[in-house]
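This is what each chain is made of:
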Amino acid sequence: FFTFSFSRRVGFCLSDKKRRKLNLDAFAEFCAGHGVEIVEIDLTQPLVHQGPFDVIVHKLSDVIVEAEHDSQSQQLLANFQSYVSAHPSTALLDPLPAMTQLLDRFASYQIMNWRICSPPYLEIHSATDLPSIQQVLVEQGLSFPLICKTRVAHGSLSHEMSLIFSASGLADIHPPCVLQSFVNHGAVLHKVFVVGDRHFCVERPSLKNFPSGPCDRKTIFFNSHQVSKPESSSDLTAAVAALVRELRVRLGMALFGVDVIINIRTHTLTVIDVNIFPGYEGVPQFFSSLLSHIESVLDKRTSACPRDNGVPDSTHATCGSSAATTDL
Ligand SMILES: Nc1ncnc2c1ncn2[C@@H]1O[C@H](COP(=O)(O)OP(=O)(O)OP(=O)(O)O)[C@@H](O)[C@H]1O
Ligand SMILES: O=P(O)(O)O[C@H]1[C@H](O)[C@H](O)[C@H](OP(=O)(O)O)[C@@H](OP(=O)(O)O)[C@@H]1O
Ligand SMILES: [Mg+2]
């Protein structure tokens, strides 16, 4: 016997900082006007008593990164994963395996490097003698200045980076990290914010141009959050739409940001970074886009499982879709 209700419940699982930044209270009010209930999930309590959820929107990247070395975060993650496994009809925005690949720049740069224009880069797994790094840099076509980024791509430590201007500056790297050729781009960054099938381009300030090639200059250390924050918005070319379509397929995700620069020498659109559930600052359409994407996920699921009117329930016979692999 199935009990059906047509209420749509969307669980949110965000850090306090992210919840405030997103203004979840205002989004909840916006959604209530559209018949969708927004529920904040407390990861420290069993999710089964807080559900059921039609969709869970989360940014568990922080918890996943911390779970590498923190038992409490491991417990929170296990709590979440056991609920998701027991409730396959609950759609995840975004699936954990897709999100996990973006936490590691070694993995995300391999995706960026596949049929998408991105600067030459080199993975530095552990401390290696400088001459052998120098040799591989030449073999892999990297050129000074280089930008050095931590392997971990999300969380507070992931934004500490450096600009290296010559071989002697390689002594300043702290593996595991990536070295990427710096591409002059006229100090303009194009943030492409993706919400499902929609994307929005926002222009941001960026690092200035530097003379190409090695030069006798000390390494510059900086935090990326001091470089590219909101200024204005502008639209780019159709090339961004093609890039977003490609990344949506490659990543299997709906909520992500892509950092794009335009090489001032070759005028090529160049991807330098992909972010999980970014801030969407400068995108006034974010609330309406997120809600319509959530509704499209639910509509897709309801049409795929007509018996299931969109309310997940442990008594429901699932239609085979598993939340971890739901196509969002
Ligand atoms: N290869 C590159 N060539 C030129 N500039 C770059 C390159 N990579 C990064 N930058 C500059 O450094 C800034 C930070 O780089 P990146 O986006 O990779 O760091 P991040 O910490 O992931 O940033 P965020 O998470 O805020 O997007 C970029 O906004 C851009 O200004
Ligand atoms: O998990 P983190 O802190 O790495 O997430 C960052 C994300 O990497 C980007 O830096 C976001 O900036 P934008 O791309 O400009 O949106 C950050 O958003 P913010 O609104 O918090 O600055 C994320 O926190
Ligand atoms: Mg970035």
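Structure shown above.
The rules behind the values
Residues numbered from 1 in each chain as written. Chains lettered and ligands numbered in written order. Predicted model: local features only at pLDDT ≥ 70, side-chain atom pairs only at ≥ 80, totals over all residues. Heavy atoms only, no water. 1 Å grid on protein atoms, 1.4 Å probe; cavity = no way out; pocket = protein on both sides within 12 Å on 5 of 7 lines; lining within 4 Å. Points joined across faces, edges and corners; volume = space filled by probe spheres on them. Helix = DSSP H or I, 4+ residues; strand = E, 2+ residues; numbered from the N terminus. Pairing = 2+ DSSP bridges. Axes fitted to C-alpha atoms, helices over the stretch in contact; angles between N-to-C directions. Contact = heavy atoms within 4.5 Å. Near = heavy atom within 4 Å. Polar contact = N/O pair within 3.5 Å; in protein donor to acceptor, adjacent residues only side chain to side chain. Nonpolar A, V, L, I, M, F, W, Y, C, P; charged D, E, K, R; others polar. Phe/Tyr/Trp six-rings, centres within 6.5 Å; stacked < 30°, edge-to-face > 60°. Buried < 20%, exposed > 50% of the residue type's maximum accessible area, 1.4 Å probe, protein only. Donors = N, O, S within 2.8 Å, 3.2 Å for Na, K, Ca; no water.

**Q** Just give me the short version of empty space enclosed by the protein, but keep the residues and values in it.
**A** On inspection of all chains with the given rule, the structure shows two cavities of 30 Å³ or more. Its volume calculated, the second largest cavity comes out at about 30 Å³. Every residue along the wall of the second largest cavity is listed here: Lys18, Lys21, Leu22, Pro278, Gly279, Tyr280 and Phe286. With three residues, the single largest contributor to the lining of the second largest cavity is helix α1 (residues 16-22).

**Q** Help me get a handle on the sheet that holds strand β8 (residues 177-181), residues and values and all.
**A** Here we have five strands laid out as an open sheet, ordered β5-β8-β6-β7-β11, and antiparallel in their pairing. Two strands lie at the open edges of the sheet, namely β5 (121-124) and β11 (220-223), each paired on one side alone. Neighbour-to-neighbour, the strand axes of this sheet turn through a mean angle of 25°, independent of strand direction. In this sheet, β8 lies alongside strand β6 (residues 146-150) in antiparallel orientation, the contact comprising five bridges. Bridging from a neighbouring strand, isoleucine 147 pairs with glutamine 180 of β8. In this fold helix α7 (residues 130-139) packs onto β5, β6 and β8, with an angle of close to 150° to the strand it touches most, β5.

**Q** Before we move on, can you summarise the site of ligand 1 with the specific residues and values?
**A** Lining the immediate environment of ligand 1, one finds 25 residues, of which Lys149, His159, Ser206, Ser224 and Asn275 sit closest. For ligand 1, an oxygen atom lies 3.1 Å from a polar atom in the side chain of arginine 105. Separating an oxygen atom of ligand 1 from a side-chain N or O atom of aspartate 259 is a distance of 2.8 Å. Among the elements of the structure, β6, β8, β9 (188-195), β12 (255-262) and β13 (269-276) are those that each provide at least two residues to the shell around ligand 1. Of the residues forming the shell around ligand 1, the biggest block, three residues, is contributed by β13. Of the residues in the shell around ligand 1, the class split is ten nonpolar, ten polar and five charged.

**Q** Before we move on, could you go through the packing of aromatic side chains and cite the residues and values that matter?
**A** Scanning the model with the defined rule gives twelve aromatic pairs in all. Geometrically, the ring pair formed by tyrosine 280 and phenylalanine 286 is stacked, given 4.2 Å between the ring centres and 15° between the ring planes. Given the relative accessible area of 4%, tyrosine 280 is considered buried. Judged by relative accessible area, which is 6%, phenylalanine 286 ranks as buried.

**Q** Hey, could you go over the coordination of the magnesium ion (ligand 3) for me, with residue numbers and the actual values?
**A** In an ideal octahedron of six donors the angles at the metal are 90 or 180 degrees, and in an ideal tetrahedron of four donors they are 109.5 degrees. On the protein side, the magnesium ion (ligand 3) has Asp259 (OD) and Asp273 (OD) as donor atoms, found 1.9 to 2.1 Å from it. Of this pair, aspartate 259 sits in strand β12 while aspartate 273 is found in strand β13, placing the two residues 14 residues apart along the sequence.

**Q** Can you break down the sheet that holds strand β10 (residues 198-205) residue by residue, with the values?
**A** Spatially, the four strands line up as an open sheet ordered β10-β9-β12-β13, and their pairing is antiparallel. Looking at the sheet topology across the chains shown, the edges are occupied by β10 and β13. The average angle at which neighbouring strand axes cross in this sheet is 25°, direction not considered. Pairing geometry for β12 and β13, over seven bridges, is antiparallel. Bridging from a neighbouring strand, valine 260 pairs with valine 271 of β13. Its contacts with the sheet put helix α9 (residues 286-304) on β9, β10 and β12, and the angle it makes with β9 is roughly 35°.

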